[in-house]
Amino acid sequence: MQAGLMDTYRRPLQKRGAVAWVLCAALVTFYLLVYYTDAFEGPARRLGLGDKWTLYGVLYTLAMVAGGIYFLRRHGNSRYQRVRTITVVAVQVVLAFALPIVMKVLGRQEYYFSYFWPLKIEYFYPSVILQQPFLIVIYSFLGSLVAFPLVGYFLGKRFYCSWICGCGGLANTAGDPFRHLSDKSPEAWRFEKASIYTVLGIAVVTTVIVGLNWAVGRQHPSFSSFAFGVQRWYGLVVGGFFSGVLGVGLYPLMGTRVWCRFACPMAAVLGLVQKFGRFRITVKKDMCIACGNCSTYCEMGIDVRAYAMANEDVKRAACVGCGMCAHVCPRGVLRLENRPLRWKAGQPIRVYAVDL
Amino acid sequence: MHYVIVGNGVGGMEAALALRRQDGEARITLVSDEHDHFYSRTALMYVFAGQMRVRDTEPYDRGLYERLRFERVRERMAGLDPQGKSLRSEGAGTLGYDRLLLAVGSRARPAPWPGAAGSGLHYFVTLRDLEGLDREARPGLRAAVVGGGLIGVEVAEILLARGLKVTFVVRENWYFPLALDEREARMVAEHLRAHGVDVRLGVNVEEVRRGPEGALTGVRLGDAPRAPAPLAPDAAEVPCDLLVCAIGVVPNTGFLATSGLRLSKGGAIEVDEALRASAADVWAAGDCANVTWADGTRRPEQLWYTARDQGRVAAASMLGDGATYRRGTWYNSAKFFDLEYTTAGWVPVRLDWDNAPLDPGPDVNDWFQRSPGRFDSQRIVCKGERVVGFNMLGGRWNHERLLDWIDSRRTLRFVLDHLAEAQFDEELSPRWRRQPAAPST
């Protein structure tokens, strides 16, 4: 449960005040420079960090560590939030930052063990994955095609989106002050459903084209140049612009999960699995007082309150299981659970009296 | 058919939605001078704190009224003529109806103390109250919050969070005896004091002190009846810049005085089991309706949950469905600063209005335990062998499960063996355990 009150809307940075627009512009500029220019190559070398991507990794990891400390001070009284936050920061520090650097130092091809296809689309590109040792190829394919659907079925997409993934990790640490800015409107929900599955479709098609090119590209040079174009554009538009420039740049204006909610192909796959899986947010019957804390602090823009008022468990493909709706609920109405069925007596409360 | 609903709170809105579900054609008018949209009054404290905006406390999108063709009259009603089937507004307009639901709710009980009227006096029930308190509550000021109920503790929390120095004045010998026993209340007081609230128990406000210009300067306290210890002379004067009166609410029925509707002594609208008032084609629901409780007494139920249920029943009754309102087994929830509270079933009140102990009756026993060193307790009320009620503080509990055990007449031993199954805390929270050698009284 939440300890103390938040003064979110008393802070200009957190209510889309001028300073929030300035921060947004700064983040967008930073990402444009990182992704599309070499402006950070110089500073990276001067700092002894090799290239701009290593510098970016250092900054990203520092932001998550500092943000994680901020988050734990705010919500660390809950063991779920404590364990989750420490886990997602540790995964970033070890698997997504330290290990790839160690691999590079040891003269091996770097590999990010916490990222999988389709989020990391190149891990299904034959030219990329076949440079890795056989065990890593197996790890990558089993992870994407077997482990993810299976674990997602039993635990919900949160196991990845809120416990492992670096995008979700940044959102839930450094991004926490902005989580309430997500758009809760029905229009946003409609847009989200259209956009996220479109991007998933594009990711699958891109993977197939690149795979085909690896197999038959040599015989068909025109197809080959088309495939390279597709691969390049996917990287520039989806990998760079959506996930970086918009995904993080819009934190101060549209909340923390713009990329996860509207575009991430991994979230799309796991959401479909979750819809048919065991994870749900259980709603305690007839106990909601409609205050709206849950909906306000849902970073995925889910109107949790509407479910709580209707006594309906929340089973939404979008939910990343961060647990904040349950955490901020002042009446303990919500609980994240992985269970095949509701407790049997889960009908609306019968009317009876204690006869004494 | 023209349905008019006076009151745009949870009772009125639930009734309007239920009416529209059953009757797509009817004209439905909602009357309120407070706000254009239905909002959750229970969330006022979060708006004050900055945790939410008023917009966030509105459960429905703003297109709802248009979509469901709810007409709005943004005026305060000044009178009702049940024979002529019309309402009179303060602006002297009239509004006719075929069937009328009065869901006018409560207003704050006015401060009764000498010198109370004037600047610096606040209540915390409506959006206007919120605006007034928000304007004047500046960090560093001293505030006295009077009234040991739920609004009192919420106001103490939000003022403290804003950086005011808060004195919490409670007439009863322990906080919230309507719901808590002495051990539980002591724990809550300990928790409030740990946050820095100056909690004063067993004291009355005798007088509100004002300076030469009428400016609020403080309150003078006196011993409440049966106070455990007389007030120390230097503790009687509490200097303050703000005074928040949270000593309960009264039905908002002043405008019905000349209507001929039968009202209770406290001003609540007398209704039958179908929530019909004493005049034809008039119904009442929520805080303003005098209903029969499980123990046979007639009182208003000033709760979110019951207002919601009564609004639905009133709508069915207005549609001629023969619906009746029958109070189910009691359950409720609250939060005292960081301590969540769940109660279910029958938990007898142990202290009356004048601080005299109340006998719960023969054969009533409590099982109680508090986790050592933590703000966390469970109380199970038994009548003989049978469990009849729960009072749970600190953790989260599934009231459905607790009510089910009461309903199926479970024994204390059974309930203690299964209590952990009713835990509703966030995942990874420690499992509830019975303390070794837990004392039972």
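Refer to the preceding data block for the structure.
Note that the structure is a prediction, hence the values are computed from the model and not measured.

Enquirer: Lay out the overall build of chain B in plain terms, naming residues and giving numbers.
Expert: When its secondary structure is counted, chain B shows 9 helices and 26 strands. Against the globule reference of 22 Å for 441 residues, chain B gives a C-alpha radius of gyration of 23 Å, in line with a compact fold. Taking the principal axes of its C-alpha atoms as reference, chain B extends roughly 65 × 65 × 40 Å. Across the 441 residues in chain B, those meeting the buried criterion constitute 60%. Taking the 56 positively charged and 60 negatively charged side chains of chain B as two groups, their mean positions are separated by 1 Å.

Enquirer: Quick one: what's the story with the nonpolar core, residue by residue and with numbers?
Expert: Among soluble globular proteins, nonpolar side chains are generally buried collectively. Residue and element names in this part refer to chain B. Formed by 184 residues in total, the largest nonpolar core has its most connected members in L102 and L159. Considering every element that reaches this core, the biggest residue donor is helix α7 (residues 304-318), with 8 residues. Sequence-distant contacts of L159, that is, excluding residues within four places in its chain, are made with F48, L133, A137, A143, V145, L164, V166 and V244. In terms of nonpolar packing, the next biggest core, distinct from the first, is built from 21 residues, A108, L121, V205 and V249 among them.

Enquirer: Provide a residue-level description of helix α13 (residues 265-275) of chain A, including the pertinent values.
Expert: All names here are of chain A. The buried fraction of α13 amounts to 8 of the 11 residues, a majority that puts the element mostly inside the structure. Among the residues of α13, P265, M266, A267, A268, L270, G271, V273 and Q274 are the ones counted as buried. Packed against the buried residues of α13 are α6 (134-155), α7 (158-161), α9 (186-216), α10 (221-249), α12 (258-262) and β1 (279-283).

Enquirer: An account of the interface of chain B and chain A is needed here, citing residue identities and associated values.
Expert: Taken residue by residue, the interface counts 62 residues in chain B and 59 residues in chain A. For the pair chain B and chain A, the summed buried surface comes to about 5,200 Å²; carbon and sulfur atoms form 52% of the total. Between the two partners, chain B and chain A, sit 3 salt bridges. Counting the contacts that link chain B with chain A gives 31 residue pairs in polar contact (both at pLDDT 80 or more).

Enquirer: Pulling in residues and values, what's your account of the packing of aromatic side chains?
Expert: The tally for this structure, following the rule as stated, stands at 40 aromatic pairs over all chains. Judged by centre distance (6.5 Å) and plane angle (75°), the ring pair of Y112(A) and Y115(A) falls under edge-to-face. Here Y115(A) falls in the buried class, since its relative accessible area comes to 15%. Here Y65(B) and F70(B) contribute two aromatic rings whose centre-to-centre distance is 6.1 Å and whose plane-to-plane angle is 80°, an arrangement assigned as edge-to-face. We note that Y65(B), like F70(B), is buried. Taken together, F30(A), Y31(A), Y35(A), Y36(A), F40(A), W53(A), Y56(A) and Y60(A) form an aromatic cluster joined through their ring pairs. Here the basic side chain of R162(B) rests over the ring of F48(B), its NZ or CZ set 3.8 Å away from the ring centre.

Enquirer: Describe the pairing of strand β20 (residues 289-292) of chain B, listing the residues and the values that go with them.
Expert: Residue and element names in this part refer to chain B. In this structure, strand β18 (residues 269-270) lies alongside β20, joined through 2 bridges in parallel fashion. Looking across to β20, one finds that E270 is bridged to N290. Summarising the sheet, β20 and strand β21 (residues 298-299) pair through 2 bridges and their orientation is antiparallel. Bridged to T292 within β21 is R298. Connecting β20 to the antiparallel partner β21 that follows it, the hairpin turn spans 5 residues, and G296 within it adopts a positive phi of roughly 90°.

Enquirer: Describe unusual backbone geometry, naming the residues involved and giving the relevant values.
Expert: In this structure, the amide linkage connecting W117(A) to the following residue, P118(A), adopts the cis form with an omega of 5°. Take P118(A): it is sitting in the loop between α4 (79-105) and α5 (126-129). If you check the backbone angles, A92(B) has positive phi at about 70° while not being a glycine. Assignment of secondary structure puts A92(B) in the loop between β5 (86-89) and β6 (94-96).

Enquirer: Please provide a residue-by-residue account of the pattern of salt bridges, values included.
Expert: In total, this model carries 49 salt bridges over all chains according to the counting rule given. With its nearest N and O atoms 2.9 Å apart, the salt bridge here joins R335(A) to E337(A). Residue R335(A) shares its accessibility class with E337(A), and that shared class is buried. Note that E90(B) is salt-bridged to R76(B), the shortest N-O span being 3.8 Å.

Criteria and cut-off values
- Residues numbered from 1 in each chain as written.
- Chains lettered and ligands numbered in written order.
- Predicted model: local features only at pLDDT ≥ 70, side-chain atom pairs only at ≥ 80, totals over all residues.
- Heavy atoms only, no water.
- Helix = DSSP H or I, 4+ residues; strand = E, 2+ residues; numbered from the N terminus.
- Rg over C-alpha atoms; globule rule 2.2 N^0.38 Å.
- Buried < 20%, exposed > 50% of the residue type's maximum accessible area, 1.4 Å probe, protein only.
- Lys, Arg positive; Asp, Glu negative; His and termini not counted.
- Charge placed at Lys NZ, Arg CZ, Asp CG, Glu CD.
- Core = buried A, V, L, I, M, F, W, Y, C linked by side-chain atoms within 4.5 Å.
- Contact = heavy atoms within 4.5 Å.
- Buried area = accessible area lost by both parts, 1.4 Å probe.
- Salt bridge = Lys/Arg side-chain N within 4 Å of Asp/Glu carboxyl O.
- Polar contact = N/O pair within 3.5 Å; in protein donor to acceptor, adjacent residues only side chain to side chain.
- Phe/Tyr/Trp six-rings, centres within 6.5 Å; stacked < 30°, edge-to-face > 60°.
- Lys NZ or Arg CZ within 6 Å of the ring centre and 35° of its normal.
- Pairing = 2+ DSSP bridges.

That's the geometry; what it means functionally is another story.
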